Amino acid sequence: MIKNIAFNTQQLKSILHVLTLILCLFIGTVALIGCGDSQNQLNIFTWPGYISDEIRAGFEQEFGVKVIVDTYGSNEDLLAKLKAGASGYDIIMPSDYMVSKMIQMELLAKLDRDKITNYDKISPFYLDKYFDPKNNYSIPYTFGTAGIAYDSSVITSVVDSWNVFWDIKNKNQFSMLDDQRETPGVALKLLGYSLNTKDIDQLQQAKEKLIQQRNLVKQYKNEAEELLISGDVVMAHCWSGDAFRAAEKRPSIKYVIPKEGSSQFIDNVCIPKSAPHIELAHKFINYLLRPEINAKISTFTMYGTCVPSAKAYLPKKLLEHKDIYPSKETMDSLEWLKDLGDFTQKYSRVWDEVKAN
Ligand code: SPD
C-alpha cells in the first residue's frame, strides 16, 4: 500500500514538472507578445535631433512596429561602437567620409534598390558623390555646413573669420565642436590649408594653434543648440541646423560661414551588415523619402532636403533660408571631409593631445 502511494507521488511529481514547463513556456510567450516581438522592432543609431517623435510614431503606427532611437555624438563614436560589436542596429547615419570608410571596412549592407521605390525622388545633385559613387550603400538624409553661430545682441562686431575663436575678448564665451576632424579643420583653414591635409608639418601647426586656443574655449561640445539657447555661450563652432534650431528660440542668433572656408557634409541613411531587421530597415528608408515625410524631417532638423518634391510641404521661411541652401559662391568655399586612411590616427592623436593640454 505504502509502495503504491510512493509510486503515485513520483507520478505526481512528473506531472507537476511537465505542468511547470508548460506554464513557463506560456508565460514566456505572453511576455514576448507583451513586450513586442523583437522582429517587429527597428533600432536606429543616429545624431541627436535627427529623428523627431512624429517621424518615429508615424512609422510605428503605419507599420505596426516599435522604433528605438539611440544617439552618438560623432562619426568616430559611431565607428567605435560598431567595431566594438554593437550589432543590434538596423539604421545608422554616418557622414560622407565615414560612409566611404565603412564601405571599405565592409561594415555596410548593400541596399536593395527594388525595395526603395522612392529612390527616384532624390535630387541627382545629392547622389553619386565621391564617398559612394553609385549609392549602393547610402541614401542622403540631410546636408549642411559647419560654421559660427553667434548671438548678435551680445557680439556686435563683425563675425566673418575663424579668428574670433582666438580673440582673447571672447575667452570663456564660446564652444568648439568636440570632433577630431572638424575642429583641427578650423585651425587648418585659418592657416590656409586643406581640411584633409596629410602633410604632417601642416597638421603640427594646426595642433599648436589649437593648443594656443585651449584656455579660451568654454566647452568642447557637439550639441551647441542648448548652450546657445540658454546663453551659456554667445558663440559656437557648430553645425548649421543646430544653429538654425537655436535661432528659432533665440532670434538674435546668427550663423556665418567664415571667409577662410569651412566643411560641408551629407549625413546618410545606411544599414549595417549586422542589422537584425534588414527588411524593415528598407521600409524605413523608403518611408523617409516620401515627400511629405522628408519635409517634416527638414522642418524638424533645419537641414536641407535632398527630395525636391518635399519643398511643396516646407514652410516659406525654410524654402527661402539662404544659409540652408547657400549661394554657389559660398558652396565653392566649402570642402568635403575625406577618409584619410591610416593618416586618420594622426588626427586622433592631435585631438587627444589638444584636449589633454
Ligand atoms: N544635431 C545633428 C548634427 C549632425 C551633424 N552631422 C555631422 C557632420 C560631420 N561632418
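In what follows, the structure referred to is the one given above.
Numbering of residues starts from 1 in each chain and follows the order in which that chain's sequence is written. Reporting in this predicted model follows two pLDDT cut-offs: at least 70 for local features of residues, and 80 or more for side-chain atom pairs to be given and counted; totals over whole chains, interfaces and linings ignore these cut-offs and use all residues. Excluding hydrogens and water, the side-chain values take into account all heavy atoms of the structure.

I keep staring at the overall build of the protein chain and nothing clicks. Help me out?
Secondary structure counts use DSSP, requiring at least four H or I residues in a row for a helix and at least two E residues in a row for a strand, with both numbered from the N terminus. Scanning the protein chain for helices and strands turns up 13 helices and 10 strands. Carbon and sulfur atoms make up 54% of the accessible area of the protein chain, which totals about 17,200 Å². In this description, accessible areas are obtained by the Shrake-Rupley approach with a 1.4 Å probe, and a residue is regarded as covered only by the protein chains that are shown.

What am I meant to see in helix H3 (residues 75-83) here?
Each full turn of the α-helix corresponds to 3.6 residues, which orients residues three or four apart in the same direction. Burial here depends on accessible area, computed with a 1.4 Å probe over protein chains only, as a share of the maximum for the residue type. Under 20% is buried, over 50% is exposed, and the range in between is partly exposed. When we look at burial in H3, the residues that qualify are Asn75, Glu76, Leu78, Leu79 and Leu82. Relative to the axis of H3, the buried residues are bounded by an arc of 160° and lie together on one face. Immediately beyond the C-terminal end of H3, within one or two residues, lies glycine 85, with a positive phi of roughly 105°. Directions are taken from the helix axis to each C-beta atom, and the arc is the one they span.

How should I be thinking about unusual backbone geometry in this particular structure?
Outside of glycine, negative phi angles account for most residues, and trans bonds account for most peptide bonds. Unusually for a residue other than glycine, glutamate 106 sits at a positive phi of about 60°. Relative to the assigned elements, glutamate 106 resides in the loop between helix H4 (96-104) and strand S4 (139-151). The residue asparagine 172 is not glycine, and still its phi comes out positive at about 65°. If you trace the backbone, asparagine 172 turns up in the loop between S4 and strand S5 (174-176).

Looking at this model, I keep getting lost on the side chain of asparagine 196. Mind explaining?
Position of asparagine 196 relative to the elements: it lies in the loop between helix H5 (182-190) and helix H6 (200-213). At 2.7 Å, the side chain of asparagine 196 and the backbone nitrogen of lysine 338 are in polar contact. Any two residues whose heavy atoms approach within 4.5 Å are treated as being in contact. Among all residues touching asparagine 196, those that are not within four sequence positions of it are Arg181, Glu335, Trp336, Leu337, Lys338, Leu340 and Tyr347. As used in this structure description, the phrase polar contact means that two N or O atoms lie within 3.5 Å; if the pair is within protein, one of them must be able to donate a hydrogen and the other to accept it, and residues adjacent in sequence are counted only when both atoms belong to side chains.

So what exactly am I meant to see when it comes to the site of the ligand here?
Only a single heavy atom is needed: when it lies within 4 Å of a molecule or strand, its residue is near that molecule or strand. Near the ligand, the surroundings consist of Trp47, Pro48, Tyr50, Asn75, Ser95, Glu182, Trp239, Asp242, Phe265, Asp267, Tyr303 and Leu337. One nitrogen or oxygen atom from the side chain of aspartate 242 is found 3.0 Å from a nitrogen atom belonging to the ligand. One nitrogen or oxygen atom from the side chain of aspartate 267 is found 2.7 Å from a nitrogen atom belonging to the ligand. Residues are grouped as follows: nonpolar covers Ala, Val, Leu, Ile, Met, Phe, Trp, Tyr, Cys and Pro; charged covers Asp, Glu, Lys and Arg; every other residue, Gly included, is treated as polar. Residue classes in the shell around the ligand are distributed as seven nonpolar, two polar and three charged. Two domains share the shell around the ligand, each providing at least three of its residues, namely domain 1 (34-143 + 265-319) and domain 2 (144-264 + 326-356). Note that the domain bounds were set by an automatic or database domain assignment.

Mind showing me how you'd approach the packing of H6 against helix H13 (residues 344-356) here?
Axes are the key here: two packed helices are described by the angle between their axes and the distance separating the axes. To obtain each axis, a line is fitted to C-alpha atoms, and for helices this fit is confined to the stretch in contact; angles are then taken between N-to-C directions over 0 to 180 degrees. Packing of H6 against H13 leaves a shortest axis separation of 9 Å and a crossing angle of 20°. Judged on the interaxial angle alone, H13 and H6 are roughly parallel. The crossing of H6 and H13 is right-handed. For the pair formed by H6 and H13, the contact residues are Ile200, Leu203, Lys207, Leu210 and Ile211 on the first element and Lys346, Tyr347, Val350, Trp351, Glu353 and Val354 on the second. Counted by class, the contact of H6 with H13 contains eight nonpolar, no polar and three charged residues. For this classification, under 35 degrees means roughly parallel, over 145 means roughly antiparallel, 65 to 115 means roughly perpendicular, and everything else is oblique. Handedness of a crossing is defined here by the sense of rotation of the near helix relative to the far one, left-handed for an anticlockwise turn of less than a right angle and right-handed for a clockwise turn.

In this structure, what is going on with the environment of glutamate 182? I would like to understand it.
Note on placement: glutamate 182 falls in helix H5. Note: C-alpha distance between glutamate 182 and leucine 337 (155 residues apart in sequence) is 8.3 Å. Here serine 263 takes part through its side chain, which lies 2.7 Å from a polar atom of the side chain of glutamate 182.

Quick question: what am I supposed to make of the packing of aromatic side chains here?
When we look at a pair of aromatic rings, we describe it by the centre distance and by the angle of the planes. Between the rings of Phe, Tyr and Trp (Trp by its six-membered ring), a pair exists once the centres lie within 6.5 Å; its type follows the angle of the planes, with under 30 degrees stacked, over 60 edge-to-face, and the other angles tilted. Scanning all chains against the criterion turns up 23 aromatic pairs. Pairwise contacts between aromatic rings join Phe45, Trp47, Tyr72, Tyr89 and Trp239 into one cluster. Lysine 129 extends its terminal NZ or CZ atom over the ring of phenylalanine 125, reaching a point 4.8 Å from the ring centre. A ring has a charge above it when a Lys NZ or an Arg CZ is no more than 6 Å from the ring centre and no more than 35 degrees off the ring normal.

Help me out: how do you make sense of the nonpolar core in this one?
The nonpolar side chains of soluble globular proteins are, as a tendency, buried together. Grouped together as the largest cluster of nonpolar side chains are 82 residues, with contacts concentrated most on Leu42, Ile91, Ile92, Met102, Ile139, Phe284 and Ile285. Here this core gets six residues from one element, more than from any other, and that element is helix H9 (residues 278-288). Residue-level mapping places this core at the junction of two domains, with at least three residues from each of domain 1 (34-143 + 265-319) and domain 2 (144-264 + 326-356). Those residues within four positions of methionine 102 in sequence are excluded, and the remaining contacts are Leu78, Leu79, Leu82, Ile92, Pro94, Leu107 and Leu108. Each nonpolar core is a collection of buried residues, namely Ala, Val, Leu, Ile, Met, Phe, Trp, Tyr and Cys, held together in the definition by side-chain atoms within 4.5 Å.

Purely geometric stuff here, so don't read any function into it on its own.
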